[in-house]
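# Observations on chain architecture
Listed below, chain by chain, are the residues.
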Amino acid sequence: MSTGVIIALIVIVAVVVAVLAALTVRARGAHGGGGLKRRFGPEYDRAVARHDGDVQAAERELAALVERHGGLRERPLEPAERERYEARWTATQEHFVDSPREAVAEADRLVAELAGARGFPDGGQYEEQVAALSVHHARHVQGYRTVHRLVGANGKADGSSDAAAPGTEELRAALLEARALFEDLLAPARGELTAKKTETTTTTTARREDHGRHLPRAFQRHQPKEG
């Protein structure tokens, strides 16, 4: 075998090794610390805090969530179905003016129902539903946790309570926070948009913007002023 052939083989081997190394690094980035932090955002920080700063333990937990729920495909909503959910949320928010605690409980149930309709675990499996939502809607799932926690703090069926009942301002903030996840769940999933659905989404966005400008009075003072 000539020297030229040997050199060529060495070069080819070196290139193959370099490509394999790059692919390995990319795979680790997608499922390792950097990829997990990008995917989970605030959920990443919460996981680290839950594990008392143990980053590796937190990343093992998050990687397991991706393994368990990462393949979930969200079921599309029909336009009429989406409009019904929007109308129900509007009614819930208006109900807050007279009955804040009942409205927050309604919001908790409505988010659970909508998540189930999109293909997430049923609301009866709250922990599993939140786990799946944290994988696909990591930046807004905390709002759902908050309203669910406050509903529990409102009191049990026998009139007892494990904690002091939340005040109106806390309930208001929780409802607004939960709305972010609700709207995220209403939005079409990636790859779902056709020309018709794009038009529907544009209309829906316009309605939400208009709805934000016409919130019940109980919410208006908490909205940023324009200009």
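Residues numbered from 1 in each chain as written. Predicted model: local features only at pLDDT ≥ 70, side-chain atom pairs only at ≥ 80, totals over all residues. Heavy atoms only, no water.

## Observations concerning helix 3 (residues 42–50)
Of the positions making up helix 3, those classed as buried are Glu43, Tyr44, Ala47 and Val48. An end-on view of helix 3 places all buried positions within 140° of arc, on one side of the element. Remark: aspartate 52 follows helix 3 within two positions and exhibits a positive phi of approximately 55°. (Buried < 20%, exposed > 50% of the residue type's maximum accessible area, 1.4 Å probe, protein only. Helix = DSSP H or I, 4+ residues; strand = E, 2+ residues; numbered from the N terminus. Arc of directions from axis to C-beta.)

## Remarks on helix 5 (residues 79–95)
Helix length check: helix 5 (17 residues) gives 24 Å between terminal C-alpha atoms against 24 Å at 1.5 Å per residue, within 8%. For helix 5, every residue scored as buried is listed here: Glu81, Arg82, Tyr85, Glu86, Trp89, Thr92 and Gln93. Mapping the buried residues of helix 5 onto a view down its axis gives an arc of 140°, with all of them on the same face. (Expected span 1.5 Å × (residues − 1).)

## Points about the pattern of salt bridges
Per the stated rule, a full pass over the model turns up 9 salt bridges. Note that arginine 46 and glutamate 43 form a salt bridge whose closest N and O atoms lie 2.6 Å from each other. Within this pair, arginine 46 and its partner glutamate 43 are both found in helix 3, separated by 3 residues, close to a single helical turn. Classification of glutamate 43 by relative accessible area gives buried; the value is 4%. In this structure, glutamate 128 and arginine 68 form a salt bridge, with 3.1 Å as the shortest nitrogen-oxygen distance. Of the two residues, glutamate 128 is situated in helix 7 (residues 126–136) and arginine 68 in helix 4 (residues 55–69); the sequence distance between them amounts to 60 residues. By relative accessible area, which is 28% here, glutamate 128 ends up partly exposed. Looking at arginine 68, the relative accessible area reads 47%, which means it is partly exposed. (Salt bridge = Lys/Arg side-chain N within 4 Å of Asp/Glu carboxyl O.)

## Some thoughts on the nonpolar core
Formed by 31 residues in total, the largest nonpolar core has its most connected members in Trp89, Leu133, Tyr144, Phe182 and Leu185. Every element with two or more residues in this core is listed here: helix 5, helix 6 (100–117), helix 7, helix 8 (141–153) and helix 9 (168–186). The biggest single contributor to this core is helix 6, with 9 residues. Not counting the four nearest positions on each side in its chain, tryptophan 89 is found in contact with Ala107, Leu110, Val111, Leu175, Ala178, Arg179 and Phe182. Membership of the second largest hydrophobic core comes to 12 residues, among which are Ala47, Leu62, Val66 and Ala131. (Core = buried A, V, L, I, M, F, W, Y, C linked by side-chain atoms within 4.5 Å. Contact = heavy atoms within 4.5 Å.)

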